[in-house]
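# Working through the structure, step by step
Below, each chain spelled out in residue letters.
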Amino acid sequence: MAKIHKTNAARILDSAKVEYELVPYTVDENNLAAGHIAEELGEDINQVFKTLVLKGDKTGHLVCVIPGNCEVDLKKAAKVSGNKSVQMIHMKELLPVTGYIRGGCSPLGMKKAFPTWFNETALGYDYIYVSAGMRGLQLKVDPQKLISVVGAQTADIVSTVCE
């Protein structure tokens, strides 16, 4: 088995003394969706969280971490973050803003610490998956400990329909 290299996100959890597991999966360049990752891992899509970066009209960049089968509700995200409106950033902005690429964006270890919200459903699980900071690698981690290390808050930030 190939050696799994630790990512910055993993090192941050190490320094916070948070237990986690690095879980590799096969990357499909044509399908970077969380659904593919959940299938690869044999896990519930509701426990595979995706990290989205948005920009508010008042506060600037913010991060929403939501179940892989959900869409972020822009009105709810704006409200919890103190903005009138928020929008997803353009793909070309992701790397310069966060240091991560699409399909490998972790809520841990971005270039800057941004205000972050996890969808409240994360707290209903013993563990969730988030990107370890690169395509092909997920962190399996206790959501409460992860939220604490990130300095995030929880809120209802998804649209009512999750597929």
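Scroll up a little and you will see the structure.
My aim in this report is to walk through the structure given alongside it, one point at a time. (Residues numbered from 1 in each chain as written. Predicted model: local features only at pLDDT ≥ 70, side-chain atom pairs only at ≥ 80, totals over all residues. Heavy atoms only, no water.)

## Comments concerning the overall build of the chain
Note the threshold: Numbering goes from the N terminus for both helices and strands, where a helix is a DSSP run of H or I of at least four residues and a strand is a run of E of at least two. A radius of gyration in this sense is built from C-alpha atoms; the matching globule rule multiplies 2.2 Å by the number of residues raised to 0.38. Three labels apply to residues, based on accessible area from a 1.4 Å probe with only protein chains included: buried if under 20% of the type maximum, exposed if over 50%, partly exposed otherwise in between. Should any heavy atoms of two residues lie within 4.5 Å, those residues are counted as being in contact. Per-residue and other accessible areas follow the Shrake-Rupley method at a 1.4 Å probe size, with only the shown protein chains counted as cover for residues. Here Asp and Glu are counted as negative and Lys and Arg as positive; His is not counted, and neither are the chain ends. To locate a charge, the coordinates of NZ of Lys, CZ of Arg, CG of Asp or CD of Glu are taken.
Across its full length, the chain carries 5 helices and 8 strands. Put simply, the chain runs from its N terminus to its C terminus through helices and strands in the order α-β-α-β-β-α-β-α-β-β-β-α-β. Here the C-alpha radius of gyration of the chain, 15 Å, is about what a compact globule of 163 residues would show, namely 15 Å. Seen through its principal axes, the chain has C-alpha atoms that stretch 50 × 35 × 30 Å. Counting over 163 residues, the chain shows a buried share of 47%. Put simply, of all contacts in the chain between residues at least 6 apart along the chain, 60% involve residues at least 24 apart. Carbon and sulfur atoms make up 50% of the accessible area of the chain, which amounts to about 8600 Å² in all. Where the 18 positive side-chain charges of the chain centre and where its 18 negative ones centre are 11 Å apart.

## A few points about the sheet that holds strand E6 (residues 128–134)
We apply this condition: DSSP-based pairing: two strands are paired if at least 2 bridges between them are found. For every element, the axis is a line fit to its C-alpha atoms; helices are fit only across the contacting stretch, and the angle between N-to-C directions ranges from 0 to 180 degrees.
Across the sheet, which stays open at both edges, the 3 strands sit in the order E1-E7-E6 with antiparallel pairing between neighbours. Of all strands in the sheet, those with a lone pairing partner are strand E1 (20–24) and E6, marking the two edges. Direction aside, the axes of adjacent strands within the sheet are offset by 35 degrees on average. Sheet analysis places E6 next to strand E7 (residues 137–141), joined by 5 bridges and oriented antiparallel. Residue tyrosine 129 lies in a different strand from E7, and its bridge partner there is lysine 140.

## Notes on the pattern of salt bridges
For the record, the criterion: Just to be clear on terms, a salt bridge is a Lys or Arg side-chain nitrogen sitting within 4 Å of an Asp or Glu carboxyl oxygen.
If you walk through the whole model with that rule in mind, you get 3 salt bridges. The salt bridge partner of aspartate 14 is lysine 6, with a shortest N-O separation of 2.7 Å. Classification of aspartate 14 by relative accessible area gives partly exposed; the value is 33%. Ionic pairing is found between arginine 135 and glutamate 29, a salt bridge with its closest N-O pair at 2.8 Å. Of this pair, arginine 135 sits in the loop between E6 and E7 while glutamate 29 sits in the loop between E1 and helix H2 (34–41); the two residues are 106 residues apart in sequence, bridging distant segments of the chain. Residue glutamate 29 is classed as exposed on the basis of its relative accessible area of 54%.

## Concerning the side chain of threonine 98
Where we set the bar: Two N or O atoms form a polar contact when they lie within 3.5 Å of each other; inside protein one atom must be a possible hydrogen donor and the other a possible acceptor, and for residues adjacent in sequence the pair counts only when both atoms belong to side chains.
Here threonine 98 is to be found in helix H4 (residues 91–98). Given the relative accessible area of 1%, threonine 98 is considered buried. A polar atom in the side chain of threonine 98 sits 2.9 Å from the backbone nitrogen of tyrosine 100.

## Quick notes on the side chain of threonine 116
Structurally, threonine 116 is set in strand E5 (residues 116–119). Overall, threonine 116 belongs to the buried group, its relative accessible area being 5%. Once residues within four sequence positions are removed from consideration, threonine 116 is found in contact with Val63, Val65, Val150, Ala152 and Gln153.

## Describing unusual backbone geometry
Of note, the phi angle at lysine 17 is positive, near 55 degrees, even though the residue is not glycine. Residue position: lysine 17 is located in the loop between helix H1 (8–15) and E1. On the accessibility criterion, lysine 17 (74% relative accessible area) is exposed.

Honestly, it's all geometry; don't read function into it.
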